[in-house]
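# Architecture and fold: a report
Spelled out from the first residue to the last, the chains are:
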Amino acid sequence: MINNSYIAKKIKLTAKLMELHGENDFKVKAYQKTVESIKILDVELSQVPLAELLKIEGIGKSTAEKIVSIVERGSFDKLDELLEKTPEGVIEMLGLSGFGPKKIALLWKEGGAESLDELLVLCRQGKVATIKGFAEKTQETLIKAIEFKISTRGMFRYANIEPAFKSILEQVQMSLPNARVSETGALRRRVDIISYLDLLVGNDDFDEVRRVISEMDSLAETEMQSGPFTWVGYHKETKAKVKIKLCKLQEFDKILLKTTGSIRHLNANLSNGTTLKQALLSMNGNSEAEIYESQGLQYIEPEMREGTFEIQLAEKKELPKLVEMSDLKGILHNHSTYSDGKHTLRQMAEHCKVLGYEYLGISDHSQTAVYANGLYEYTVKEQQEEIRKLNIELAPFRVFSGIESDILADGSLDYPDEVLAGFDFIVASVHSGLNMDINKATNRLLTAIRNPHTTILGHMTGRLLLEREGYPVDHQEVINACAENNVVIEINASPYRLDMDWRWVNYALEKGVVLSINPDAHSMEGYKDMYYGLLTGRKGGLTKEMTLNSKSVSEISDFFQSRKEKILS
DNA sequence: ATCGCAAACGATCTTAAAGGGAACTTTAA
């Protein structure tokens with residue numbers, strides 16, 4: 001099925017390529033505008049007849065025909081021509097963060113680079129600095145951008161690869177009902193970035209497993225790397241590398257435990273003088289829980305098996321009970337059509353209610369985020385009036401009025417105090433001026449945290465996984481400040497962000513900082529991301545008690561109220 | 001390429017930071 005996001009992607013690529021090839025700027029802008037209007041469109045373009053397409057803002061005769069072509073055959077002539085005259089490596093170059101089509105065109109046409117690797121050589125030879133429009137500093141930035149891009153090759157965000165591995169496992173299980181199958185390794189630990197699909201199949205007849213795998217259309221083998229106990233290949237659609245380990249049924253639990261834990265987890269010294277890895281040598285047939293128990297440990301959830309703090313707690317029988325989806329009572333930090341969301345406030349609220357949540361916290365963009373249609377003071381008032389009415393209509397369901405306030409360059413929030421005071425809660429986030437050194441960035445955050453209006457610190461580092469590193473932050477100092485100022489830290493659940501990083505969750509909890517699992521949803525479907533934020537929290541040992549949005553509607557209402565009273569006093 | 005105003009065409013405009021190169025272009029939120 002050709003969906004809107006596929007269509008938008010193709011048109012966006014066309015715009016980039018047109019810019020790369022120096023076509024008319026206004027044409028390029030028209031395409032970009034089309035992409036933006038598709039993003040917030042609430043109908044599937046593939047279901048819209050040609051005549052109706054023309055009525056959509058930003059779509060004229062020419063684009064409408066192209067959309068029809070994409071729906072019919074996945075592409076259109078203009079795009080095919082552009083792709084034809086652009087080397088694949090140059091298209092990869094277009095993905096470099098901080099470098100747009102104009103710069104890439106120079107690097108390609110003037111510098112002669114046709115791939116990331118060639119470009120890197122060119123940089124190291126100092127030749128990029130001699131191209132007009134470039135100099136030493138840009139060359140350095142470019143090297144960093146290339147190295148980052150290269151380091152992400154073959155890697156996937158967990159959420160993006162989840163459907164692939166689940167479908168592989170399902171297929172194997174269907175063909176071999178008596179086999180046991182599971183994902184393992186980093187995949188089973190739900191690490192945010194995945195470099196290969198690590199799977200385990202327990203079945204006494206290995207040949208049978210090999211035959212089943214070889215008959216799967218979705219997979220292709222890399223025979224050179226396969227061995228007697230491991231099938232190595234890749235998933236054709238995503239190009240993700242796949243490793244399938246084979247083991248006897250009897251050994252499945254042991255091998256699952258052995259392959260799930262990180263090296264540090266398996267090699268951690270236990271107080272009985274051994275390690276999990278050593279202990280496993282003499283075991284077979286026991287469940288994972290029994291194996292942990294036999295070493296005097298509590299059962300450790302797969303997400304936590306990183307070898308950081310979980311072993312010590314498991315020995316003391318002090319492992320926390322991790323937060324679960326059913327503990328989450330409301331959804332905070334969401335956008336609507338008031339700013340850059342796809343669905344109306346009403347749709348967002350009603351859908352949230354249908355999903356069984358008790359409340360919705362709406363937090364559209366603030367005025368400085370012009371590109372995202374941030375709310376002016378008078379639009380804030382309008383929205384708050386609509387919220388007031390919705391709360392009467394949808395009761396006992398509750399909509400809380402919030403804002404995702406930009407943290408400005410000096411750390412201040414984006415409205416005067418009296419406007420800020422009118423919200424139930426405020427998510428403070430950085431969206432612009434991301435090139436800061438660690439001191440500047442940390443101080444900017446600290447100022448925002450000390451602002452009594454700040455309820456939640458949004459996506460702490462501004463990173464986009466596999467795309468952008470984000471600004472450097474002294475996590476410890478920022479977390480300490482949140483603890484002192486009773487500010488909640490967001491776990492932004494968007495699979496692109498998962499920010500704050502799971503590696504800091506435990507430290508925040510130790511300091512007594514409450515965390516909030518927020519999807520940053522820009523549409524009703526965006527609520528699904530809650531799950532990925534949950535996994536991030538669980539990796540760091542997050543409990544129901546320390547999760548802001550596991551509070552009931554009355555508890556969270558009291559919490560917001562008490563924070564506001566603090567401002568007055 | 002699209003839109004709107006008006007008759008075949010003209011206008012299209014977010015903004016600020018950064019860098020390179022001395023006034024401007026590019027990029028990204």
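The model shown is predicted, which means the values in this text are computed figures rather than measured ones. (Residues numbered from 1 in each chain as written. Chains lettered and ligands numbered in written order. Predicted model: local features only at pLDDT ≥ 70, side-chain atom pairs only at ≥ 80, totals over all residues. Heavy atoms only, no water.)

### Comments concerning the side chain of Asn506
In plain terms, the rule: Only DSSP runs of H or I with at least four residues qualify as helices, and only runs of E with at least two residues qualify as strands; both kinds are numbered from the N terminus onward. It only takes one pair of heavy atoms within 4.5 Å for two residues to be counted as in contact.
Mapped onto the elements of the fold, Asn506 is located in helix H23 (residues 505–510). Ignoring anything within four residues of it in the chain, the contact list for Asn506 reads Phe309 and Gly540.

### A short note on the pattern of salt bridges
Our working rule: Throughout this description, the term salt bridge denotes a Lys or Arg side-chain nitrogen within 4 Å of a carboxyl oxygen of Asp or Glu. Type-normalised accessible area, obtained with a 1.4 Å probe on protein chains alone, sets the label of each residue: buried when under 20%, exposed when over 50%, and partly exposed for intermediate values.
Here the structure, examined in full by the defined rule, presents 33 salt bridges. Across the pair Arg153 and Asp117 runs a salt bridge, and its minimum N-O distance is 3.0 Å. With a gap of 36 residues between them, Arg153 in the loop between helix H9 (136–151) and strand S1 (156–157) and Asp117 in helix H8 (residues 116–124) connect regions that are remote in the sequence. The class of Arg153 is partly exposed, set by a relative accessible area of 37%. Across the pair Glu385 and Arg388 runs a salt bridge whose closest N-O atoms are separated by 2.8 Å. Placement of the pair is Glu385 and Arg388 together in helix H19 (residues 377–394), with a separation of three residues, close to one helical turn. Through salt bridges with shared partners, a single ionic network connects Asp192, Arg463, Asp501 and Arg503.

### Examining the domain arrangement of chain A
Inclusion rule: Bear in mind that the domain bounds are from an automatic or database domain assignment.
What the domain assignment lists for chain A is domain 1 (1–86), domain 2 (95–143), domain 3 (152–247), domain 4 (261–319) and domain 5 (325–568). In this structure, domain 2 and domain 5 have C-alpha centres spaced 38 Å apart.

### Some details on the pairing of strand S8 (residues 330–334)
The test is simple: Strand pairing is assigned whenever DSSP detects at least two bridges linking the two strands. Looking down the strands as they point away from the viewer, one classifies a crossover as right-handed if the path from the first strand across the helix to the second runs clockwise.
Counted residue by residue, S8 has five buried out of five residues, so it is predominantly covered. Two elements, S8 and strand S9 (residues 359–365), share three bridges in a ladder whose sense is parallel. Considered in S9, the bridge of Gly330 is made with Tyr359. The parallel pair S8 and S9, bridged by helix H18 (residues 345–354), forms a crossover whose chirality is right-handed.

### Some words on the sheet that holds strand S10 (residues 398–406)
Our working definition: A fitted line through C-alpha atoms serves as each axis, taken over the contacting stretch for helices, and the angle formed by two N-to-C directions is quoted from 0 to 180°.
Taken together, the seven strands give an open sheet; going across it, the order is S8-S9-S10-S11-S12-S13-S14, and neighbouring strands pair in parallel fashion. Since the sheet does not close on itself, it has two edges, and those belong to S8 and strand S14 (515–518), each with one partner. Across seven bridges, S9 lies against S10 in parallel orientation. For Ser363, the partnering residue across the bridge sits in S10 and is Gly402. The strands touched by helix H25 (residues 553–568) are S8, S9, S10, strand S11 (425–429) and strand S13 (488–492); relative to S10, the strand with the most contacts, the crossing angle is about 45°.

### Notes on the side chain of Ser115
The criterion, for reference: As used in this structure description, the phrase polar contact means that two N or O atoms lie within 3.5 Å; if the pair is within protein, one of them must be able to donate a hydrogen and the other to accept it, and residues adjacent in sequence are counted only when both atoms belong to side chains.
Within the fold, Ser115 resides in the loop between helix H7 (101–109) and H8. A polar atom in the side chain of Ser115 sits 3.2 Å from the backbone nitrogen of Glu118. Residues in contact with Ser115, not counting those within four places in the same chain, are Gly89 and Met93.

### Some remarks on the nonpolar core
This is how it is decided: Throughout, nonpolar core names a set of buried Ala, Val, Leu, Ile, Met, Phe, Trp, Tyr and Cys residues whose side chains join them through atoms within 4.5 Å.
If you look at the biggest cluster of nonpolar residues, it comprises 60 residues, and the most contacted ones within it are Leu445, Leu457, Met460 and Leu515. Ranked by residues supplied to this core, first place goes to helix H21 (residues 438–450) with five residues. One finds Ile7, Ile56, Ile104 and Trp108 within the second-largest nonpolar core, a separate group that totals 46 residues.

### Describing the sheet that holds strand S6 (residues 230–235)
Two modes of strand pairing occur in sheets, parallel and antiparallel, and in both the strands are linked by backbone hydrogen bonds. As summarised here, the arrangement of the five strands in space is S2-S4-S7-S6-S5, forming an open sheet in which the pairing is mixed. Each having just a single partner strand, strand S2 (180–183) and strand S5 (219–221) make up the two edges of the open sheet. With strand direction ignored, the average angle separating the axes of adjacent strands in the sheet is 30°. Pairing between S6 and strand S7 (residues 240–247): six bridges, direction antiparallel. If you follow Val232 over to S7, its bridge partner there is Lys243. Most of the contacts of helix H12 (residues 206–214) go to S7, to which it runs at about 160°, and overall it touches strand S4 (196–202), S5, S6 and S7. Helix-sheet contacts for helix H13 (residues 252–260) involve S2, S4 and S7, and the interaxial angle to S2 is about 5°.

### Concerning helix H4 (residues 61–73)
Note the cut-off: The span one expects for a helix is its residue count, reduced by one, times 1.5 Å.
Here H4 spans 18 Å end to end across 13 residues, near enough to the 18 Å set by a 1.5 Å rise per residue. Close packing links the buried residues of H4 with helix H1 (4–20), helix H2 (25–39), helix H3 (50–53) and helix H5 (77–84). Note on H4: the residue one or two positions beyond its end, Gly74, has a positive phi of about 85°.

### Looking at the packing of aromatic side chains
To be explicit about the condition: Pairing of aromatic rings covers Phe, Tyr and Trp, the last counted by its six-membered ring, and requires centre-to-centre distances within 6.5 Å; plane angles under 30 degrees mean stacked, over 60 mean edge-to-face, and any other angle means tilted.
Counted under the stated rule, the structure contains 12 aromatic pairs. Relative to Tyr378, the ring of Tyr376 lies with its centre 5.7 Å away and its plane at 10°, an arrangement referred to as stacked. Between Tyr531 and Tyr532 the ring centres are 5.3 Å apart and the planes differ by 70°, which places this aromatic pair in the edge-to-face class. Tyr532 sits in the buried class, given a relative accessible area of 14%. Through successive ring pairs, a cluster of aromatic residues spans Tyr359, Phe400, Phe425, Phe559 and Phe560.

### Section: the protein's contact with DNA strand B
For clarity, the cut-off: A single heavy atom is enough: if one lies within 4 Å of a molecule or strand, its residue is considered near that molecule or strand. The nonpolar class holds Ala, Val, Leu, Ile, Met, Phe, Trp, Tyr, Cys and Pro. Asp, Glu, Lys and Arg form the charged class, and all remaining residues, Gly among them, are polar.
Every one of the 31 residues lining DNA strand B counts as a neighbour, but Thr63, Gly98, Thr138, His431 and Arg468 are closest to it. At 2.8 Å, a backbone N or O of Gly58 approaches a phosphate oxygen of DNA strand B. When residues of the surface near DNA strand B are traced back to their parent elements, those giving at least two are H2, H4, H7 and H9. In the surface near DNA strand B, the residues fall into 12 nonpolar, 11 polar and eight charged.

### Some remarks on the environment of Glu477
In this fold, Glu477 is placed in helix H22 (residues 475–485). Residues Glu477 and Asn443, 34 residues apart in the sequence, show an inter-C-alpha distance of 9.5 Å. Among residues more than four places away in sequence, those in contact with Glu477 are Thr442 and Leu446.

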